[in-house]
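Summary of the model geometry
Read off the chains here:
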2 protein chains.
Amino acid sequence: MVEKTVDIKPASRVFVCGGGHQGVSMAAHLALEGVDVTLWNRSQDNIQAVIDTGQIECTGVISGVAEIEKASSDLSEVVSDFVFVATPSSAHKDIARLLAPFAHGDMVVVLSPGRTFGALEFSKTLAEEGVEDLPHIAETQTIVHTCRRGEGNRTSILALKQDVMIAALEPSDISYVLARMPAFLRRYYIEAPSVIVTSLSNVGMVLHCAPVLMNIGWVETPYVGFKHYYEGISPSVARFLEKVDAERVAVAKALGYDVETTTAWLRRTYNSTGSNLYECIRTTDAYKEIYAPSSLQHRYLLEDVPNGLVPLEYAATHCGVDTPHITMVIDLACAVLDRDFRAEGRKYL
Amino acid sequence: MVEKTVDIKPASRVFVCGGGHQGVSMAAHLALEGVDVTLWNRSQDNIQAVIDTGQIECTGVISGVAEIEKASSDLSEVVSDFVFVATPSSAHKDIARLLAPFAHGDMVVVLSPGRTFGALEFSKTLAEEGVEDLPHIAETQTIVHTCRRGEGNRTSILALKQDVMIAALEPSDISYVLARMPAFLRRYYIEAPSVIVTSLSNVGMVLHCAPVLMNIGWVETPYVGFKHYYEGISPSVARFLEKVDAERVAVAKALGYDVETTTAWLRRTYNSTGSNLYECIRTTDAYKEIYAPSSLQHRYLLEDVPNGLVPLEYAATHCGVDTPHITMVIDLACAVLDRDFRAEGRKYL
């Protein structure tokens with residue numbers, strides 16, 4: 001057992017799990033800041049160009065050719081002790097299982113983002129896999145990099161978010177997690193008191209699920225694309241979302257924490273203005289060009305229902321908060337997609 | 001008390017309640033067939049041209065200038081003993097109250113259509129108003145005339161439906177109702193064994209409510225109209241409607257009656273083809289040009305939820321049939337429109 005309270009140095013190597021938009025951008029950013037980076041992706045094809053060249057070409061607010069120590073689809077070849085999980089939250093459980101043989105008490109795992117109760121799920125999955133000395137597990141509310149992968153080994157970082165909330169599953173662990181984090185990266189995060197706050201501040205589940213379900217015909221009509229936020233969230237949809245959002249805030253309150261309303265979050269993050277959710281969305285420039293999914297088989301439902309609304313409803317049940325609107329959205333998603341999202345979803349507290 | 005079993009003659013005068021598309025078209029059709037017709041509409045403006053001229057100019061499959069005996073917004077001036085109620089079903093209760101002072105046991109009232117449990121509501125409302133000798137009350141499944149009112153006193157009858165189901169609240173009354181009906185009109189109707197069948201064969205509540213609620217953003221986006229059936233009822237919406245429809249059929253079954261599925265009804269009424277509801281709708285020419293509402297304040301919700309789905313759910317509860325999808329649609333309508341449709345709606349059996 002190492003002594004954790006003194007002489008904790010930032011990790012010199014970071015293992016990035018996931019070669020999508022965020023993973024490749026995070027890997028490039030870390031490497032360009034002088035950190036040794038390894039990169040993993042389940043499907044090798046997606047990172048073949050990084051494997052072949054050992055490089056990621058990064059443009060945008062961070063630019064340069066980043067040298068990657070190793071990229072692989074075999075986790076055992078690239079794992080190290082500071083793990084940055086940059087996959088969709090639906091992969092968290094599988095990654096915990098793959099990581100279990102390498103996990104130990106000095107390891108740090110940051111789920112970026114955790115969605116809802118990701119850190120809890122990760123911890124429980126490691127324990128189920130027989131890991132006794134659990135890593136320090138943390139989760140973030142959202143991602144730092146606004147980015148898009150290009151072809152091959154290219155990525156573009158369009159913006160960096162400030163003040164992204166981060167919390168550790170064991171609240172006292174957060175100082176250790178931040179101490180081990182590469183120094184340049186710390187400035188993008190602010191500490192939250194609990195994963196209850198990061199998990200229940202996941203506004204994606206509010207802004208993604210119901211608007212898709214309230215525009216199914218539009219989503220499935222192939223010759224008419226529409227803007228998810230600007231058109232899909234019409235006045236009546238926004239009023240419904242405010243009811244869902246109020247239930248989310250009430251659950252956090254019942255668990256002892258204050259979380260922002262989605263309206264307040266929009267005002268803080270995007271300087272949106274207006275007296276209600278509809279008006280705030282209409283004044284959010286970042287949403288102007290975001291198109292809606294063209295199919296219901298999309299993370300706005302497949303990820304945000306089981307890893308957002310389902311754990312939120314589960315927590316509500318356990319603390320006696322009434323959430324009829326959240327229940328309605330889950331029921332509708334289950335019925336429309338013919339899936340039992342409650343059975344698949346995260347039910348922890 | 002008249003003897004009802006012999007010498008029953010068709011009514012020579014018919015009182016048409018409601019001066020909308022159907023009322024004006026029905027009045028014209030009756031008058032052109034030689035029946036004395038009176039016409040009522042709550043708002044006088046809507047029928048002012050008929051009041052002024054005493055005529056309705058009818059084009060389409062029925063054409064000619066129909067002479068109307070009297071049109072008025074004062075029911076006492078135009079009421080007679082064969083009453084054809086051609087209003088939206090949301091007006092049935094008010095009309096029953098207005099008609100109560102004139103109601104008697106030899107009167108015939110036909111609700112066209114009853115929507116769900118209209119005849120039951122009409123009868124109970126008359127009784128509540130103190131009518132002891134109740135009229136013969138019947139309801140139809142849908143309307144005979146496919147029609148559109150024009151400006152002033154013009155109307156256009158585009159098509160006439162055959163085999164529209166009609167049932168009397170007291171099953172034995174149906175022969176009296178049909179005997180009193182103008183002879184030319186009888187051919188458009190077929191007898192149903194019970195108002196359970198006409199009421200639960202109301203497919204509007206299946207085809208109207210959920211598709212609007214599953215396209216709210218599209219409905220409320222003012223610069224993009226869309227076709228309710230052809231675009232709003234996409235594959236996933238149609239699959240959801242099949243679940244709603246199966247619950248409707250199961251409720252009828254539990255009450256002792258077989259009703260058609262909406263798919264079977266489309267095949268019979270419109271010669272639609274296909275193996276499922278989506279395919280049948282795509283092959284229904286009559287639906288090709290029907291646009292969706294441009295607001296949620298529309299009869300597809302305001303009428304079809306309280307006078308269709310609510311009584312259906314109520315009947316289901318009483319016969320122990322599980323209707324989670326119907327409940328979901330009602331809940332969603334209540335939440336989105338901030339109305340308690342269950343409190344406003346018909347709850348009879």
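All of these numbers come straight from a predicted model, not from anything done at the bench.

1. Comments concerning the relation of the copies chain B and chain A
Under the fitted operation, chain B is carried onto chain A by 0.1 Å of movement along the axis and a turn of 180°, and the coordinates agree to an RMSD of 0.1 Å. Interpreted geometrically, this transformation is the action of a two-fold axis. The residues that chain B uses at the interface reappear at the interface of chain A in 100% of cases, marking a shared surface.

2. Overview of the domain arrangement of chain A
Residues and elements named next belong to chain A. Domains assigned within chain A are domain 1 (13–193) and domain 2 (204–344). On a C-alpha basis, the centres of domain 1 and domain 2 stand 26 Å from each other. Surface buried jointly by domain 1 and domain 2 totals about 940 Å² across both partners, of which 46% is contributed by carbon and sulfur atoms. The largest share of the area that domain 1 buries against domain 2 comes from Arg115, Thr116 and Phe117, three residues that together contribute 47% of it. For the pair domain 1 and domain 2, the interface holds two salt bridges. Among the salt bridges present, the one from Glu303 reaches Arg115, with a minimum N-O distance of 3.6 Å. Applying the counting criterion to the domain 1 and domain 2 interface returns three residue pairs in polar contact (both at pLDDT 80 or more). Looking at the side of domain 1 that touches domain 2 residue by residue, the class counts come to three nonpolar, four polar and three charged.

3. Some remarks on the pairing of strand E8 (residues 136–140) of chain B
Taken residue by residue, a regular strand's side chains alternate between the two faces of the sheet. Residue and element names in this part refer to chain B. Of all the five residues making up E8, five are buried; the element is thus mostly covered by neighbouring parts of the structure. Of the two faces of E8, the one carrying His136, Ala138 and Thr140 and the one carrying Ile137 and Glu139 are both buried. Sheet analysis places strand E7 (residues 108–111) next to E8, joined by four bridges and oriented parallel. Looking across to E8, one finds that Leu111 is bridged to Glu139. At this point the chain moves from E7, through helix H5 (residues 118–128), to the parallel E8, and the crossover so formed is right-handed.

4. Notes on the pairing of strand E10 (residues 154–160) of chain B
Residues and elements named next belong to chain B. Looking at chain direction, strand E3 (residues 55–60) and E10 are connected through four bridges and run parallel. Across the sheet, residue Gly60 finds its bridge partner in E10, namely Ile157. Pairing between strand E9 (residues 145–149) and E10: five bridges, direction antiparallel. Note on E10: the bridge partner recorded for Cys147 is Ile157.

5. Comments concerning the sheet that holds E8 of chain B
Residue and element names in this part refer to chain B. If you walk across this open sheet you meet the eight strands as E5-E2-E1-E6-E7-E8-E11-E12, and the pairing is mixed. Pairing within the sheet leaves two strands with one partner each, and these edge strands are strand E5 (70–72) and strand E12 (189–191). Averaged over neighbouring strand pairs, the angle between their axes works out to 25° when direction is ignored. Of the strand pairs in this sheet, strand E1 (residues 13–17) and strand E2 (residues 36–40) are connected by five bridges, and their pairing is parallel. Bridged to Val14 within E2 is Val37. Helix H1 (residues 21–32) rests against E1, E2, strand E6 (82–85) and E12 of the sheet, and its axis sits at about 165° to E2. Of the strands in this sheet, E7 and E8 are in contact with H5, which crosses E8 at around 150°.

6. Here's the deal with helix H16 (residues 305–319) of chain B
The α-helix winds at 3.6 residues per turn, so residues separated by three or four positions along the chain end up facing the same way. Residues and elements named next belong to chain B. Compared with the 21 Å implied by 1.5 Å per residue over 15 residues, the 20 Å span of H16 between its first and last C-alpha is a close match. Those residues of H16 that sit buried are Val305, Pro306, Asn307, Gly308, Leu309, Val310, Pro311, Leu312, Glu313, Ala315 and Ala316. Considering only its buried residues, H16 is in contact with helix H8 (195–200), helix H9 (204–213), helix H12 (235–254), helix H15 (299–302), helix H17 (324–337) and helix H18 (341–344).

Analysis parameters
- Every residue gets a number counted from 1 within its own chain, in the order that chain's sequence is written.
- Whichever chain is written first is A, and whichever ligand is written first is 1; the rest continue in order.
- Residue-level local features of this predicted model are given only where pLDDT is at least 70; pairs of side-chain atoms are given and counted only at 80 or more, and the full residue set underlies all totals for whole chains, interfaces and linings.
- Remark: hydrogens and water are excluded; side-chain values derive from all non-hydrogen atoms of the structure.
- The fit set for superposing copies consists of C-alpha atoms from residues with pLDDT of at least 70 in both; the fit itself is least squares.
- The contact rule is simple, with two residues in contact once any of their heavy atoms fall within 4.5 Å.
- These domain limits were set by an automatic method or by a database of domain assignments.
- Buried area adds together the accessible area that both of two parts lose upon being put together, with accessible area traced by a 1.4 Å probe.
- Salt bridge, as applied in this entry: a Lys or Arg side-chain nitrogen positioned within 4 Å of an Asp or Glu carboxyl oxygen.
- Polar contacts here mean pairs of N or O atoms no more than 3.5 Å apart (in protein, one a potential hydrogen donor and the other a potential acceptor; neighbouring residues in sequence count only if both atoms are side-chain atoms).
- Three categories are distinguished: nonpolar for Ala, Val, Leu, Ile, Met, Phe, Trp, Tyr, Cys and Pro, charged for Asp, Glu, Lys and Arg, and polar for the others, with Gly belonging to the last.
- Burial here depends on accessible area, computed with a 1.4 Å probe over protein chains only, as a share of the maximum for the residue type. Under 20% is buried, over 50% is exposed, and the range in between is partly exposed.
- Under the scheme used here, helices are H or I runs from DSSP no shorter than 4 residues and strands are E runs no shorter than 2 residues, and both carry numbers assigned from the N terminus.
- Pairs of strands are assigned from DSSP output, requiring at least two bridges between the strands.
- Place the viewer so that the strands point away; then a crossover is right-handed whenever the path from the first strand over the helix to the second strand goes clockwise.
- The angle between two axes is taken between their N-to-C directions and runs from 0 to 180 degrees, where each axis is a line fitted to C-alpha atoms and a helix contributes only its stretch in contact.
- To estimate how far a helix should reach, multiply one less than its number of residues by 1.5 Å.

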